[in-house]
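# Structural description and commentary
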Amino acid sequence: MTGRDPIGELDDRFGSSGAVPTTWAEAWSRLEKAEIYWLSTVRADGQPTVSPLVGVCLDGRIFFTTGPTEQKTVNLRSNPRCVLTTGDNRLADGLDIVIEGSAVLVTDEATLRVLSAGYEVQYPPIFHFPFRDGSLQGGGGGEVLAFEIKPSKVFAFGRGAEYSQTRWRFPG
């Protein structure tokens, strides 16, 4: 999600008359400011599962962390397709963002170092993932895995005076 901003397409079947598309700048700003995301993955038996987690947006990219043995990691190793969401829980106004795509394990040390610093800025003093011995480390000293979401589609669902649904497509 770097370079030129993608163009959003308004789906007026799911919005108020006269609604306008959410701009990519507004959607990205909401992603950057989000404190909690929800990750949906699929188990090997086809059963969906959803987990709350923390994430960081850096340089036009979206990342999250998890433990190597957690169910979401097991699911992503066999099927990287997933959905990451964040938004508001108010009906009267808000903006929800839904990212459909694939999660890619991050192993590049330079990126992991930047992520470590990014978590310190985004979540002080709650989440610390120091970079040591070639990987991110959790509070108990165990390894923490980082994934990047590579979006295929992103949706913004606006609520308030006008309801809207904006969609962006990404090459895949």
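Description of the structure in this document. (Residues numbered from 1 in each chain as written. Predicted model: local features only at pLDDT ≥ 70, side-chain atom pairs only at ≥ 80, totals over all residues. Heavy atoms only, no water.)

## Observations regarding the environment of Ser164
Structurally, Ser164 is set in strand E11 (residues 164-169). Judged by its relative accessible area of 9%, Ser164 is buried. Between the C-alpha atoms of Ser164 and Gly15, which are 149 residues apart in sequence, the distance is 4.2 Å. Ignoring anything within four residues of it in the chain, the contact list for Ser164 reads Leu10, Phe14, Gly15, Ala19, Val20, Thr22, Ala156, Phe157 and Gly158. (Helix = DSSP H or I, 4+ residues; strand = E, 2+ residues; numbered from the N terminus. Buried < 20%, exposed > 50% of the residue type's maximum accessible area, 1.4 Å probe, protein only. Contact = heavy atoms within 4.5 Å.)

## A closer look at the environment of Asp59
Take Asp59: it is sitting in the loop between strand E4 (55-58) and strand E5 (61-66). Once the C-alpha coordinates of Asp59 and Val154 are considered, the two residues, 95 residues apart in sequence, prove to be 17 Å apart.

## With respect to the state of the cysteines
Summed over all chains, the structure comprises zero disulfides. Here Cys57 is not cross-linked by a disulfide; its sulfur's nearest cysteine counterpart is in Cys82, at 14 Å. A residue is classified by how much of its surface remains accessible, and Cys57, at 11% relative accessible area, is buried. By relative accessible area, which is 6% here, Cys82 ends up buried. (Disulfide = S-S within 2.5 Å.)

## Examining the pattern of salt bridges
According to the stated counting rule, one finds 12 salt bridges in the structure shown. Across the pair Glu148 and Arg61 runs a salt bridge whose closest N-O atoms are separated by 2.8 Å. Placement of the pair is Glu148 in strand E10 (residues 143-159) and Arg61 in strand E5, with a sequence separation of 87 residues. Look at Glu148 and you get buried, because its relative accessible area is 7%. By relative accessible area, Arg61 is classed as partly exposed at 29%. Connected through shared salt-bridge partners, Glu26, Arg30, Asp88, Arg90 and Asp93 make up one network. (Salt bridge = Lys/Arg side-chain N within 4 Å of Asp/Glu carboxyl O.)

## A look at helix H3 (residues 109-122)
An ideal rise of 1.5 Å per residue puts 20 Å on 14 residues; H3 measures up with 20 Å between its terminal C-alpha atoms. All of the buried residues in H3 are Thr111, Leu112, Leu115, Ser116, Gly118 and Tyr119. Buried residues of H3 fall within an arc of 165° about the axis and therefore sit on the same side. (Expected span 1.5 Å × (residues − 1). Arc of directions from axis to C-beta.)

## A few points about the side chain of Asn75
Mapped onto the secondary structure, Asn75 falls in helix H2 (residues 71-78). Under the relative-accessibility criterion, Asn75 is labelled buried at 1%. Separated by 2.6 Å, the side chains of Asn75 and Gln71 make a polar contact. If we ignore the near neighbours within four places in the chain, the residues touching Asn75 are Thr41, Val42, Arg43 and Thr49. (Polar contact = N/O pair within 3.5 Å; in protein donor to acceptor, adjacent residues only side chain to side chain.)

## Details of the environment of Thr86
With respect to the helices, strands and loops of the structure, Thr86 is situated in strand E6 (residues 81-86). Residue Thr86 is classed as buried on the basis of its relative accessible area of 10%. For the pair Thr86 and Glu100, spaced 14 residues apart in the sequence, the C-alpha separation amounts to 12 Å.

## A short note on the side chain of Ser116
Topologically, Ser116 is positioned in helix H3. By relative accessible area, which is 10% here, Ser116 ends up buried. A distance of 2.7 Å separates a polar atom in the side chain of Ser116 from the backbone oxygen of Phe129. Every residue in contact with Ser116, bar those within four places of it in the chain, is listed here: Phe129, Pro130, Phe131 and Leu136.

## Some details on the packing of aromatic side chains
Going through the model one piece at a time under the given rule, you end up with nine aromatic pairs. Pairing Tyr119 with Phe129 gives two aromatic rings, centres 4.9 Å apart and planes at 85°, and the pair type is edge-to-face. Of this pair, Tyr119 sits in helix H3 while Phe129 sits in the loop between H3 and strand E8 (131-132), placing them 10 residues apart in sequence. For Tyr119, a relative accessible area of 0% translates into the label buried. Here Phe155 and Phe157 contribute two aromatic rings whose centre-to-centre distance is 6.0 Å and whose plane-to-plane angle is 20°, an arrangement assigned as stacked. By the ring-pair criterion, three or more aromatic residues cluster together here, those being Trp24, Trp28, Trp168 and Phe170. (Phe/Tyr/Trp six-rings, centres within 6.5 Å; stacked < 30°, edge-to-face > 60°.)

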